[in-house]
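Chains, contacts and geometry: an overview
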Amino acid sequence: MTERAHAEGHADKHAGEHADGHAGVWSGSWVAERLGVGLAGDEALTGLLGLALRHNPKRAHLLVSNVLGKHVPQSPSVVYGHGVALGRRVRDLLGAEEAARAVVLGYAETATGLGHSVADGLGTAPYLHSTRRPVAGVARAGGFEESHSHATSHLLLPEDPALLAGDGPLVLVDDEFSTGNTVLNTVRALHERYPRKRYVVVALVDMRSPADAGRLDDFAREIGARVDLVTTASGTVRLPPGVLEKGQELVARHEATATQPTGPAPAAPPSGSVERVRLRWPHDVPDGGRHGFTAAHRDRLEAALPAMAARIAEALPAGARRVLVLGFEELMYAPLRLAHALEQSVGGDVDVRYSTTTRSPVLAVDDPGYAIRTRLVFPAHDDPADGPGERYAYNVAGGGFDAVVAVVDSAADTPALHAPDGLPARLAAHVPHVLLAVVPSYVPRPPHAPERPSMLPEPLRGPDFSSYAPDEVGWLLQDLSEVTLEAPTEEREEAIQSGGAHYAESLPVEYQPSEQYQDLFHAALETSAARLARAVGAVTEIVLAERSPRPVLVSLARAGTPVGVLMRRWAQFRHGLDLPHYAVSIVRGRGIDANALRWLADHHDPADVVFVDGWTGKGAITRELAAALREFEATDGITGFDPEIAVLADPGSCVRTYGTRDDFLIPSACLNSTVSGLISRTVLRADLVGPHDFHGAKFYRELAGADLSPDFLDAVSARFPDVTDTVDAQAKDLLSADRTPTWEGWAAVERISEEYGIHDVNLVKPGVGETTRVMLRRVPWKVLARAGAGADLDHVRLLAEQRGVPVEEVADLPYTCVGLIHPHYTRGATGADGKAVTL
C-alpha cells in the first residue's frame, strides 16, 4: 500500500525561489538544455528540485532540493515545515496508537535534519540517524550501503541498543527516493536482526523509474511486512541515451576552463571578521540523532532554543539584513532549529537562510538556470575516519549575506577548522561577518563504565590548605603534605629523560630565592603591576562577554591559580560579581583530573566552566586539555566543557581568550610555591592517587615566612582603579579583532628543536615564564634571549649566572627568551656545552 502526499500550506511558499533570488527561473534548465535531462510528474517538482552535475561513475546528474537546506540556502521555516508536515502525514497514516510506538531513522548525511523534523511532526517518536563517523566505544547496531553515493558506508550507533529492537513501526526518512536500493538495503539488514510488521518510507520526492516502482511492494511481500510510502511530490527523471558519458564530459570541460572554482570573489575581496558566539547549549541534550534523540531531549531543547537564538541575534552586526546559518555535514538539525528560532525572534527585519556544508563534490556554474551557482572548498576538520579530503559550501559566496553563523560540533572545532584555509577563513573572504557557534558533541556513556563514588570530597581551602583566603579559591586536590616527594633536580631530570619516571610522580626541591633575587622580584612587580592589571581586566572582560555572564573559573594548578584569583577579583571590582573559582590538576601526557571534572559537573553547568592558565608557551597544555576533555566525554558521557583556555598572556598564539600576546615578565613565574599560595606542583602517582581520588599536592606551611602570594595579588589588584578606562578600550579592541590562533609558537619550538639538535619539543620551553621554570625546576642547558631584551630578563640572567648557564642572544626570536633543557641528561652531563652527554 502506498500513500503520496503533497506539501501543505506555507511550506511551499519559497520552494521555487533560487538561492540568489532569481524567482521564476528553474534551476534545472541549464542541465536540461545541454543534456536533455528532464523531470516528469507533479507540478510541484520544478519548485522543489533543481539540477546540477557531479563526478560520479554511476549517476552524473544530481537532484538538488530547494527545500532540504543542504546545497541551497532556504528559509528555515520552509525547511523545517516540510519535514514536520511529512511527520504529521505519517502520524495520520499510522493512527495515534501505532504512532506512539514508532521509531524514526534518518539517512546521513543529507537527510539527518529532515528525519529529525519528521520525528518532531510525528510527536513523541525517538529518532536515530545513520552516521559515517565511527565513535570509539559505541557498538554498532547495524549498517548498510548506499550504492549511488560517493561515500557509502552507513553505521547505526544508538546509545540504547533497544532503540531498534521494538516491534513498533519503523519510519525511514531520506531526501529522495530514487531507485529504492538504499531503503531496501536498510530494511533487509534491520529486518534480519529486528523483525517487525510495518515500515513507512518517507521522502521529499519519489523519483523512481517505472521499473523500480514495483520493487518495494515485491520486497514487502518477500519479508511479510507492510511498507507504506509518504512523499511530498513524485515523478521521474528523463535520461536520454548516453547521458552519463555526456555529463562526465561536460563536467570535465567546465572544470578545466573554470577560472573561479570557489565562486566569484568581489573585486576587492573583503577580510571579514570571525568571532565566536557562545550558545550555552544545554549540556544534557545531544547535538543530534547520531546516538538517539528522545522526546525528553526534544522538550529540553525546545525550552533552550529562544535563549540561544537571542545570543546569536545579539552577536549579529548592526544592520545585518540577510543572514545564513550554516550547518556542518551530518550536523543539520541543531543549526536548523537555531536558524528557525532566530528567524522567529527577528521577525521580518532579517532574512534568515539555512544550509549546510557537505562532503559531496558538485560542479558549480554561475548561471541562474543551474542549482549550484558557487562553491567554497575547504579541508575536512573533524578528523574523519576515511582520512583528509575536501569539503564544500554551496551557494554561499555571492549570496549577498551580511553575516554567516557557522555551526559545528565540538569534535570538528579543531586547529584545521581555524587554519588559514579552513571554513571560517574561506567564509570571511566572501562575507563581512562570520560567527562561529560550537555545539558540544554528544558521546554516549559506555554501557559498562566503571563505577565511581557517589560523593567526591569538597574542595580544600585556606588557611588549612594554601595561604589564600578561603573564598579566593577551592582546590580540587588531596593534601599530600605529609608525604616526602621531593628529589634533587638532577635525579629527577635523569629519571624523567630516561623514561624511568614521569615528572608528576615527584617534586623538585623548592628553590629558596636569595636576597638579590627577591629584590629583583619586588622590582619586577612594581614595574609590571599596572601592565598585569590591564591584562587581567582585559581577559576577564572577554570571558564575561563571550563565554558566560557568570562563569565558573577553573584554574590549571598551579600557574593558573594566581591569575584565576586576580580574574575573580576584577569581576568583583568592576561588576560586583562573586564568581566561583577552583584549581584543578592537569598533567602533560596524562590529562586533566577526571574526578575534578566529575565534581564540577555535579555542582555547576559545564558550559559555564572557563579554564584559566597563566600563559601559553608552545601550546602543549592547550592541546592536552582538548584531548583530555574528548576522552572524558567518551568515558563519562558528560559534555559541555569548553577546551578553550583563558590566559593572561598568549605569546605562543595558541588560544583566543587572552589579555595580551606580549611575552613579558609575569612576576608570579619568578618563584615557585611562595607566589602560589604555598602549594606545590600537582602530583599523580599510582600508590598515592587512586581511581576515585583527586590528584595530590603539598602545602608548604613551613615556608610561610617567605610567602609573597598576598603581596603579588594585592599589588596587582591595587592598580585596578587606575586601568579601568584602558581595560575597557583594550577589551573592546580585542573583542572586535581576529584572535584566531596561529600556533606560531609551536612552529618556532619545532624549528629551534631541530636547529639546536635537541629533537624533542618537550625540552624547548619558550617565553619568559617557561624559561624561568626551566631555571628553577629542571637542568638547563642554555637560554636563548631576543637581542636587546631588557629588564624582563634580569631575573633569568641572574639565575643563569648562579647555575653557570650561558645566555645566547638571537636575532628575530619570536619570544623574549627560550629555555633549553639539557638534552639526554645524566648526572655526568652538567656541562653547558652539551658535549659531556652519556648516550
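1. Some remarks on the overall build of the chain
Broken down by element type, the chain carries 22 helices and 32 strands. By residue count, 61% of the 839 residues in the chain fall in the buried class. Taking contacts inside the chain between residues at least 6 apart in sequence as the whole, the part at least 24 apart equals 78%. For the chain, the accessible surface area stands at approximately 30,800 Å², while carbon and sulfur atoms represent 51% of it.

2. Considering the nonpolar core
Counting residues in hydrophobic clusters, the biggest one holds 111 residues, and the most contacted among them are Leu-53, Val-171, Val-202, Tyr-370, Val-405 and Leu-427. Once you skip the residues sitting within four places of it in the chain, Leu-53 turns out to touch Trp-30, Val-31, Leu-35, Ala-60, His-61, Gly-247, Leu-250, Val-251, Val-362, Leu-363 and Tyr-370. Grouped together as the second largest cluster of nonpolar side chains are 74 residues, Tyr-468, Val-536, Val-539 and Val-543 included.

3. Thoughts on the pattern of salt bridges
Taken as a whole and assessed by the stated rule, the structure comprises 42 salt bridges. Arg-290 serves as the salt-bridge partner of Glu-330, at 2.9 Å between the closest nitrogen and oxygen. In this pair, Glu-330 is assigned in the loop between strand E12 (322–328) and helix H11 (333–346) and Arg-290 in the loop between strand E11 (273–276) and helix H10 (295–315), connecting sequence segments 40 residues apart. Arg-322 serves as the salt-bridge partner of Asp-351, at 2.7 Å between the closest nitrogen and oxygen.

4. Remarks on the side chain of Glu-330
Taking relative accessible area as the criterion, Glu-330 reaches 10% and is therefore assigned buried. Looking at Glu-330, its side chain comes within polar contact range of the main-chain nitrogen of Arg-132, at 2.7 Å. Apart from the residues within four sequence positions on either side, Glu-330 is in contact with Ala-108, Glu-109, Thr-112, His-129, Ser-130, Thr-131, Arg-132, Arg-133 and Arg-290.

5. As for the pairing of strand E25 (residues 609–615)
Of all 7 residues in E25, 7 are buried; the element is thus mostly enclosed. In this structure, strand E22 (residues 552–557) lies alongside E25, joined through 4 bridges in parallel fashion. Looking at E25, one finds that Ser-555 is bridged to Val-612. Examined bridge by bridge, E25 and strand E26 (residues 645–649) share 4 bridges and lie parallel to one another. The partner of Val-612 across the bridge, within E26, is Ala-646.

6. Digging into the packing of aromatic side chains
What the rule picks out here adds up to 12 aromatic pairs. Considering the side-chain rings of Phe-465 and Trp-475, the 6.0 Å spacing of their centres and the 75° angle between planes classify their relative orientation as edge-to-face. Here Phe-465, found in the loop between strand E17 (433–439) and strand E18 (474–475), pairs with Trp-475, found in strand E18; they are 10 residues apart in sequence, far enough to count as distant. The two residues Phe-465 and Trp-475 agree in class, both being buried. Here the aromatic rings of Tyr-468 and Trp-475 are separated by 6.3 Å at their centres, their planes lie at 10°, and the arrangement is stacked. Residue Tyr-468 is classed as buried on the basis of its relative accessible area of 4%. Joined through ring pairs, the aromatic side chains of Phe-465, Tyr-468, Trp-475 and Phe-699 make up one cluster. A cation sits over an aromatic face here: Arg-623 above Trp-743, 4.3 Å from the ring centre. Here the guanidinium or amino end of Lys-782 rests over the ring plane of Trp-781, the centre of that ring lying 4.8 Å away.

7. Brief notes about H11
The first and last C-alpha atoms of H11 sit 20 Å apart over 14 residues, in line with the 20 Å expected at 1.5 Å per residue. Counted residue by residue, H11 has 12 buried out of 14 residues, so it is predominantly covered. Taken together, the buried positions of H11 are occupied by Tyr-333, Ala-334, Pro-335, Leu-336, Arg-337, Leu-338, Ala-339, His-340, Ala-341, Leu-342, Glu-343 and Val-346. Looking at the buried side of H11, the elements it contacts are helix H3 (76–94), helix H5 (112–122), H10, E12, strand E13 (351–357) and strand E16 (403–409). Gly-347 occupies a position one or two residues after H11 and carries a positive phi of about 65°.

8. Details of the side chain of Arg-322
Looking at where Arg-322 falls in the secondary structure, it is placed in strand E12. Taking relative accessible area as the criterion, Arg-322 reaches 15% and is therefore assigned buried. Within the local environment of Arg-322, its side chain forms a polar contact with the backbone oxygen of Gly-399, the two atoms lying 2.8 Å apart.

9. Focus on helix H18 (residues 709–717)
Buried residues of H18: Ser-709, Phe-712, Leu-713, Val-716 and Ser-717, and no others. Down the axis of H18, the smallest arc covering the buried residues is 120°, so these residues share one side. Buried positions along H18 lie against helix H14 (515–546), helix H15 (560–575) and helix H19 (720–736).

10. Quick notes on the sheet that holds strand E10 (residues 226–238)
Strands sit in the order E1-E10-E9-E8-E4-E5 across an open sheet of 6 strands; the sheet is mixed. Of all the strands in the sheet, just strand E1 (38–41) and strand E5 (127–129) have a single pairing partner and so form its edges. The mean inter-strand angle of the sheet, taken between neighbouring strand axes irrespective of direction, is 30°. Bridge count between strand E8 (residues 170–177) and strand E9 (residues 198–206): 7 bridges; the pairing is parallel. By the bridge assignment for E9, Phe-177 is matched with Asp-206.

11. Brief notes about the packing of helix H16 (residues 594–603) against helix H17 (residues 620–636)
Axis separation between H16 and H17 bottoms out at 11 Å; the angle between their running directions is 70°. Compared by their axis directions, H16 and H17 come out roughly perpendicular. Two packed elements cross with a definite hand, and for H16 against H17 that hand is right-handed. Here Ala-594, Leu-597 and Arg-598 of H16 come into contact with H17, specifically with Leu-629, Phe-632 and Asp-636. Looking at the contact of H16 with H17 residue by residue, the classes come out as 4 nonpolar, no polar and 2 charged.

Reading guide: rules and limits
Numbering of residues starts from 1 in every chain and runs along the sequence as written. Side-chain atom pairs in this predicted model are given and counted only at pLDDT of 80 or more, local residue features only at pLDDT of at least 70, and totals for whole chains, interfaces and linings cover all residues. Just so you know, side-chain values use all the structure's heavy atoms and leave hydrogens and water out. To qualify as a helix, a DSSP run of H or I must reach at least 4 residues; to qualify as a strand, a run of E must reach at least 2; elements of each kind are numbered from the N terminus. The buried label goes to any residue with under 20% of its type's maximum accessible area, the exposed label to any with over 50%, and the partly exposed label to all in between, with areas taken from a 1.4 Å probe on protein chains only. Throughout, a residue-residue contact means that at least one pair of heavy atoms, one from each residue, lies within 4.5 Å. Reported accessibility uses the Shrake-Rupley method at a 1.4 Å probe radius. Residues are deemed covered only where the shown protein chains occlude them. What we call a nonpolar core is a set of buried Ala, Val, Leu, Ile, Met, Phe, Trp, Tyr and Cys residues that are connected through their side-chain atoms within 4.5 Å. The term salt bridge refers to a pairing of a side-chain nitrogen on Lys or Arg with a carboxyl oxygen on Asp or Glu at a separation within 4 Å. For the purposes of these results, a polar contact is taken to be a pair of N or O atoms within 3.5 Å, where, inside protein, one atom must be able to donate a hydrogen and its partner to accept one; residues adjacent in sequence count only when each atom of the pair is a side-chain atom. The criterion for strand pairing is that DSSP finds at least two bridges linking the strands in question. Between 30 and 60 degrees the pair is tilted, below 30 it is stacked and above 60 it is edge-to-face, where a pair is any two Phe, Tyr or Trp rings, Trp via its six-membered ring, whose centres lie within 6.5 Å. A ring has a charge above it when a Lys NZ or an Arg CZ is no more than 6 Å from the ring centre and no more than 35 degrees off the ring normal. A helix is expected to span 1.5 Å for every residue after the first. The directions considered for the arc run from the helix axis to the C-beta atoms. To get an axis, a line is fitted to the C-alpha atoms, and for a helix only the part in contact is used. The angle between two axes follows their N-to-C directions and goes from 0 to 180 degrees. Note that the term roughly parallel is reserved for angles under 35 degrees, roughly antiparallel for angles over 145, roughly perpendicular for angles of 65 to 115, and oblique for everything else. Take the far helix as the reference: if the near one is turned anticlockwise from it by less than a right angle, the crossing is left-handed, and if turned clockwise, right-handed. Polarity classes work like this: nonpolar for Ala, Val, Leu, Ile, Met, Phe, Trp, Tyr, Cys and Pro, charged for Asp, Glu, Lys and Arg, and polar for all others, with Gly in that last group.

Geometry only, nothing functional implied.
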